[in-house]
Structure formats: C-alpha cells, structure tokens
Amino acid sequence: MCNKKILIIMMSLFSLVSYSKNSQEKGLEIATKVQDANNQFLGEINTTKMILIDAYGAQTVRKMKGKILEVENDGDKSLSTFLEPLDVKGTKMLTWSHKQKNDDQWLYLPSLRRVKRISSSGQSSSFMGSEFSFEDLGSQEVEKFTYNYLKDETLGDSLTWVLERTPIRKSGYSKQIVWTSKKMLTPLKIEYFDRREKLLKTAVFSDFKEYSIKKKKMFRANKIHMKNIQTKKESIFLWETRSLGSVSSSREFMKRSLK
Amino acid sequence: MVKLIFIILVIPLNGMAESFTQGQISFEYRRFEDDMTSETHDEQISVFSRIDTKYQQAKNKFVLRAYARVHSGKSGQDIVVAEDLYYSTEVKDFIELGAGYKIYNWSNLEVFRPADTVNSKNLDTDIEKFEKIGELSLYANMFMPNGQLSIYFFPKSADPLFPTKESRFGLNIPVEDPIWVDKDGHTSNWNNSGAIRFTQSLGAVDFQAHILNHYDRDYFILGLNDELAVVPYFFRVNESSVGLQHSADQYLTKFEVTHKNYQDESEVLSIVGTAVKPKDFSVAALGLEYDQSFDHGSTGKILIEYQRILGVSLYERSILSVFQNDLFVNYSYNLNDTMGTQLSLGSFIDLERSHEFLHIATYTRRLSNTWKYNINMRLFDAPIKSSPDGMEILNQSDSLSFSLDRFF
C-alpha cells in the first residue's frame, strides 16, 4: 500500500516536471517561431508620435524619428532622434542591442555638443515620461527571456498562444504574459507584472499592416496602447510613417554619426 | 573671419529646406550675496540666445552654432560666441575633411575634464562649467571599425573671455590683451598648433589618447606687462593624454590623465610682483557614475569625481587651479514625468585645504512643450584663513538664479 502511494506521488511529480518541461519547450518553440517570422526585415525608417495621457485625461505629445538596422546573429542597432518636446529636440540615442550581454548605448546631447555613453541598466526607467519603459521599446530577442506556454485562447477574433516570459537579465518586470496571434505571428497584447508580481501595465497592439520584404510577409502593429493599471496613466505609441525593409548604411549607426 | 564664414554659411542655408534648426532664448536672473563693493554688480539680468543649424546633403555638412548673451545695463559684458561654424565633407567613406570653428569634447568626465583643453573658455560664468569658444581648425578624421584617428591643425588660438571689473565671477581687476609665450618668440595668437587623437571602443570599454601642441589657456599666469597692467600669459605646451571609460551594469567608471610639458619656461612678473614661470605637471581625474531605477519609472544618478594635480608642490598646485585636489559628489533625481522634473544636489570638497566647499542645488521643470524653467542656488563655504587662496577668493559669491527658457 505504502509503495503504491509512493509510486503515485512519484508519477504525479514526474508528470508535473514533464508537463513543465514540455510547456517550456513549447513556449520557446513558439517564441523562436515568432522571431523567425519577424526576422529578415533588414531595416526600418520611421517617424513616431507618443500621446501621454495622465490620470485626469490631459494629453501631451512627443515626436521622434528613428532608424533600425537588423544585425545577423546579434541584436538590432537603432538610432532615435527626439523632435519634441523642444528642449530635447536634436537629442539622439544610439543602441546596439545584444543577445548575450548588456546593450551598448550612447546619447548625443546637443546642448553640450557631446556624445555620452550611458549604462544600459536604466532599461526599466520611463521613456520620455511615458508609460513605456526603455525595455518595452527595445528589441525583444528570444535569448533575453525564458518561456512557458500557458494555453491557447481566442482574443477578439484572433486565435492566440498565451506565453509567460521571464526576463533573464535585470528588468523592471518579474514576468510578462504575451498573447501572440497565430495568424500574424506577432503580439496582440502583453501584460507586464512588477517586481512584486502585481499587474503593472497592459499593452494592446493594433493597426496591423502587412509588409513584404523580399517576398517574405510580416506584420507590424502601428499602434500600441499602454495602460498603467496602478497609476491610471496611459500612453499611445503611433507610427506615423514606417518603411520596413529600408536598409540604412551601417555607418549611420556609429557613434560619430550622432554629431 | 567669423563674420565671413557666417555669411558664407548662412546665405545658402536660408534656402535649404532640409536644414535642421533648433535654438533657445532664455531670460536669466541672478542675485549674488552683497560683497559690500559698489564697483561690482550683485544683480545680473541677461538675455541668452543660441542658434544651432545643420545642413547635410550626401557627404557634405554645414554646421552653424552660436550664442549671445546681452546684459541689462552692462554692455561691457555682452558677448557673441561662435561655437561651431564649419564645413566638412567625407572622402571615400572613411575619411572626413573639415574646416572652420569647432567645439571639441575630448573628455568623458562630467566636471573635472583634464583632456578637454583645446577650446578657450568664457571665464565670465560659473567656475565648474565654463562655456567654450570655437577654435579655428582644419582637420581630417579617419574612421575605423569602432574607432577614429584624427589630425588637427589650429592656425589661431582663440582668446578666452575674462570677467570684467564689474563681474562677480572674477577678481574685480580689468585684464588687458594676453601675451603669448613660446620659445620662438611669437607674440601673436596666429600660430601653428596641432594635435593627433585616437579613440577606440572595444565592447564596454572606450579608450582615447591624444598629443596636442598649443597655447595653454586653461592653466595660465596672471601677471603684469611692461606698463604694469594685468595680463594673462599663455605658454606653449606639449600635452599628452590618455583616458579610459568602462560600462558595467549600473556603473560607469572613468579615468583620465594629461601631462603638460611647457616649451618655454621664461619667468614673468606675477600679479603680486614676484617672478614666476610655468612648470611641467600632470592632471589626473577619476569618475564614477551609478544609475538607479525606481518603481514608476523615475531614475537617480550618483556622480563622484576626483581630480588631483601631480608633479608640483602643494603651493604650486594651489596657484594652478581651484580644483587642485578636489572631490565632487552629486546626486540627481529625474522624476521622468511629462514635465521632465529634475533635482540635482552636488558639492565640491577640497581635500587639501581645510574648510573649502561649494554646494550647488538645481531644479528644472518644463512648463510646456516649448517653455522650461531652472532654479539654481550656489553656496561657497570657504572662509579666508590667511591670504585668499583657492575657493576662498569666491567666498562671498553665493548666488540664487532663475532662468526661463523658450525653445524653438
């Protein structure tokens, strides 16, 4: 009798471990599939607008323009130029994201005529006073997270995989729950949990547009609506223009190009 | 010369739709502690304006950046300064050639910047952040993967701007035209100066080195000329400098050292009537930045920098600089809100001379998309012990200032 109980417990534990392993493997498999579907975009040139909405509904607008260069076997390189508010007009941020190590980041400060290296630890801080943090808008390489497949779910009209992803490196979040469209292979919704594992923010992706890069089709959301559940503030990130597949010269992503 | 280049650049820029222009106009008010001297102005009201415009077409670039400050009722202190006014072009993708007036930033440190010596400074401003004056330059940059080799020729050394007799930033002494001293007997700031600089980034490490031959306008002797008028003596110097910067997680560490080897060590008559001459020395600085991120997106930064002058006696160090063996500690908090609210508290601490401090507090906040204000308080705590020395000279220069900035 006793042996039978032990056997049942062991089998239960084994099945739990096995389930956990399977869900992790499936999670990673889906994340890799999504990344592969969105790779080979070559580069991007865009102009963007951010609408910041406070808890009382008052709105403020930020404007930027940016370039992204896809890098094989490593994270992307990106260059953002701030256009509004006017006191930071001309400020540029160059990011070389990496899969296995901390990103390299430089800031060009026009008031000082100076390029300054910044530590990449501030990933959890607010981006231009918005509800987006730097890590929300940075490149989301598969290697930066561990994954766990949770379930299949219908979100609106879309069939989705629901994954839990946990940051490997230092992050402002304990975990994120991602709803990924099975059809478009791109996120539709992300829930961000703070370091105390309480729901902090929800991002809803919309205004999808299909792009064709060298006969490969991929989707991009041209609107992200981020709601902070704790502060009741909101931010809407809008792509006003977006040219996917535009290849900028690698020289434009060097420190010297910031000046 | 400045006017000529200005005309050449500005006329075509007016018709160029692709030029990027930004600027600001600021109303500045500052109130100093009363120094019981009627000759100086304890209240300073000024209007500051800056224009920054750039036009880039293919491999050609025009840059114009200049500022002006007009003081209420004090025309002697009004200034117009060209910072950048140059043209550059790229040849064969990896070489850039340029000519014109330029600002150089050769230091990675924030406050103590031993390698940052090319440009003359406007000395009629706060002691820890003198504004720079563009240096007339011809240059060639050779680009390498994550690095750059640059060669510079500086045909003319710009004069620093000295505080007027009425200014609270100076010694209340009128300063006449400078005397330029080198071993060949030159007496003009038209000269043949030059530099070679190398920078390289390797992952999280940035390395830089330069050798520079020019007139030293950071460390000079304030002396008397033949008519016994007060003049600055600028000596020709060979400078060699190396610097390293390393980024790891929340930390950014920096090191920089510059050695100065004066070509002519002639004696001149100092302001107090003794014979003095320049002596070779080195300046070393260390820096540490530590970034913090808080819940709800706000950030903090701890900045610690230390500078020391090496190779000369304690007395000689005290003559060379106010910051001869000093520590700077600063904490800045950025709320990261829509109005960009920032508070910064910092202190300079002299580690060699007792009881010498400068405390600085700054608060900035946006009023709108185009307006911003800044409140700054500066407290010198350096009572005079015997003869005024170092920061003691500025002991009664506490001030409170307010600026309202309109950006366009």
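As the structure is a computational prediction, the values presented were derived from the model and not from experiment.

Undergrad: Outline the overall build of chain B, listing residues and values.
TA: When you go through chain B residue by residue, the secondary structure sums to 2 helices and 24 strands. Compactness check: chain B gives a C-alpha radius of gyration of 22 Å against a globular reference of 22 Å for 408 residues, within 12% of the reference. Projected onto the principal axes, the alpha-carbon positions of chain B cover approximately 60 × 55 × 45 Å. Within chain B, the proportion of its 408 residues that are buried is 53%. Counting contacts in chain B only where the partners sit at least 6 residues apart, residues at least 24 apart contribute 58% of the total. With an accessible surface of roughly 18300 Å², chain B has 60% of that area assigned to carbon and sulfur atoms.

Undergrad: Would you mind going over unusual backbone geometry in detail, with residue names and values included?
TA: Residue P85 of chain A is bonded to the preceding E84 of chain A through a cis peptide linkage, with omega at 5°. Here P85 of chain A lies in the loop between β3 (77–84) and β4 (92–96). Even without glycine at this site, N146 of chain B takes up a positive phi of about 60°. For N146 of chain B, the position within the fold is in the loop between β8 (135–144) and β9 (147–156). For N146 of chain B, a relative accessible area of 31% gives the class partly exposed.

Undergrad: Mind laying out the nonpolar core, listing which residues take part and the relevant values?
TA: Residues and elements named next belong to chain A. Judged by nonpolar contacts, the single largest core of 23 residues is most densely connected at M50, M64, F127, M128, I224 and F237. Looking at this core, the elements with two or more residues in it are β1 (43–53), β10 (187–193), β11 (199–213), β12 (216–228) and β13 (234–244). For I224, the residues in contact, after removing those within four places along its chain, are F132, A203, V204, F205, S235, I236, F237 and W239.

Undergrad: Hey, could you go over the interface of chain B and chain A for me, with residue numbers and the actual values?
TA: Across the contact, 48 residues belong to chain B and 42 residues belong to chain A. The interface formed by chain B and chain A holds 11 salt bridges in total. With a shortest N-O distance of 3.1 Å, K116 of chain A and E110 of chain B are connected by a salt bridge. Joining chain B to chain A, the criterion identifies 25 residue pairs in polar contact (both at pLDDT 80 or more).

Undergrad: Break down the environment of W106 of chain A for me, with residues and values.
TA: As for its placement among the helices and strands, W106 of chain A is situated in strand β5 (residues 104–109). In the structure, W106 of chain A is positioned 144 residues away from S250 of chain A in sequence and 16 Å away in space, judged by C-alpha atoms. Apart from residues lying up to four places away in sequence, W106 of chain A is in contact with K92, M93, L94, W96, V115, K116, R117, I118, K255 and L258 of chain A together with D206 of chain B.

Undergrad: Could you give an account of the confidence of the model for chain B, naming the residues involved and the relevant values?
TA: Averaged over every residue, the pLDDT of chain B is 90; residues scoring 70 or more account for 95%. Ignoring residues within four places in sequence, the model shows residues 1–17 of chain B, a span with pLDDT below 50, making 19 contacts including any to other chains.

Undergrad: Account for the packing of aromatic side chains, naming residues and giving values.
TA: Any pair of aromatic rings gets described here by the distance separating the centres and the angle formed by the planes. All chains considered together, the criterion is met by 33 aromatic pairs over all chains. A ring pair is formed by F48 of chain B and Y67 of chain B, whose centres lie 5.4 Å apart and whose planes are at 35°; its orientation type is tilted. Note that F48 of chain B is positioned in strand β2 (residues 43–57) and Y67 of chain B in strand β3 (residues 60–71), a separation of 19 residues in sequence. This pair shows no difference in class: F48 of chain B is buried, exactly as Y67 of chain B is. Ring plane angle 80° and centroid distance 5.4 Å describe the contact between F220 of chain B and F234 of chain B, whose orientation is recorded as edge-to-face. Of this pair, F220 of chain B sits in the loop between β12 (205–215) and β13 (221–224) while F234 of chain B sits in strand β14 (residues 230–248), and the two are 14 residues apart along the sequence. By relative accessible area, F234 of chain B is classed as buried at 0%. Connected via pairs of aromatic rings, a cluster forms that spans Y86, Y104, W106, Y139, Y152 and F154 of chain B. Across the ring face of F193 of chain A, the terminal group of K175 of chain A is positioned such that the distance to the ring centre comes to 4.8 Å. Geometry around Y86 of chain B places K102 of chain B over its ring, the cationic atom sitting 4.4 Å from the centre.

Undergrad: With reference to specific residues and values, describe the pairing of strand β18 (residues 281–293) of chain B.
TA: All names here are of chain B. Where strand β15 (residues 251–262) meets β18, 10 bridges bridge the pair, whose relative direction is antiparallel. Across the sheet, residue L252 finds its bridge partner in β18, namely E289. Here β18 pairs with strand β19 (residues 299–310) via 12 bridges, running antiparallel. By the bridge assignment, Q292 is partnered in β19 with G300. Where β18 folds back onto β19 in an antiparallel hairpin, the turn is made up of 5 residues, including H296, whose phi is positive at roughly 70°.

Undergrad: Residues and numbers for the confidence of the model for chain A, please.
TA: Scored by pLDDT, chain A comes out at a mean of 88, with 91% of its residues at no less than 70. Looking across chain A, the model is least confident in helix α1 (residues 2–38) of chain A, with a mean pLDDT of 75, and most confident in β10 of chain A, with 97.

What counts and how
- Residues numbered from 1 in each chain as written.
- Chains lettered and ligands numbered in written order.
- Predicted model: local features only at pLDDT ≥ 70, side-chain atom pairs only at ≥ 80, totals over all residues.
- Heavy atoms only, no water.
- Helix = DSSP H or I, 4+ residues; strand = E, 2+ residues; numbered from the N terminus.
- Rg over C-alpha atoms; globule rule 2.2 N^0.38 Å.
- Buried < 20%, exposed > 50% of the residue type's maximum accessible area, 1.4 Å probe, protein only.
- Contact = heavy atoms within 4.5 Å.
- Areas by Shrake-Rupley, 256 points an atom, 1.4 Å probe, with all protein chains shown as cover.
- Core = buried A, V, L, I, M, F, W, Y, C linked by side-chain atoms within 4.5 Å.
- Salt bridge = Lys/Arg side-chain N within 4 Å of Asp/Glu carboxyl O.
- Polar contact = N/O pair within 3.5 Å; in protein donor to acceptor, adjacent residues only side chain to side chain.
- pLDDT = per-residue confidence, 0-100.
- Phe/Tyr/Trp six-rings, centres within 6.5 Å; stacked < 30°, edge-to-face > 60°.
- Lys NZ or Arg CZ within 6 Å of the ring centre and 35° of its normal.
- Pairing = 2+ DSSP bridges.

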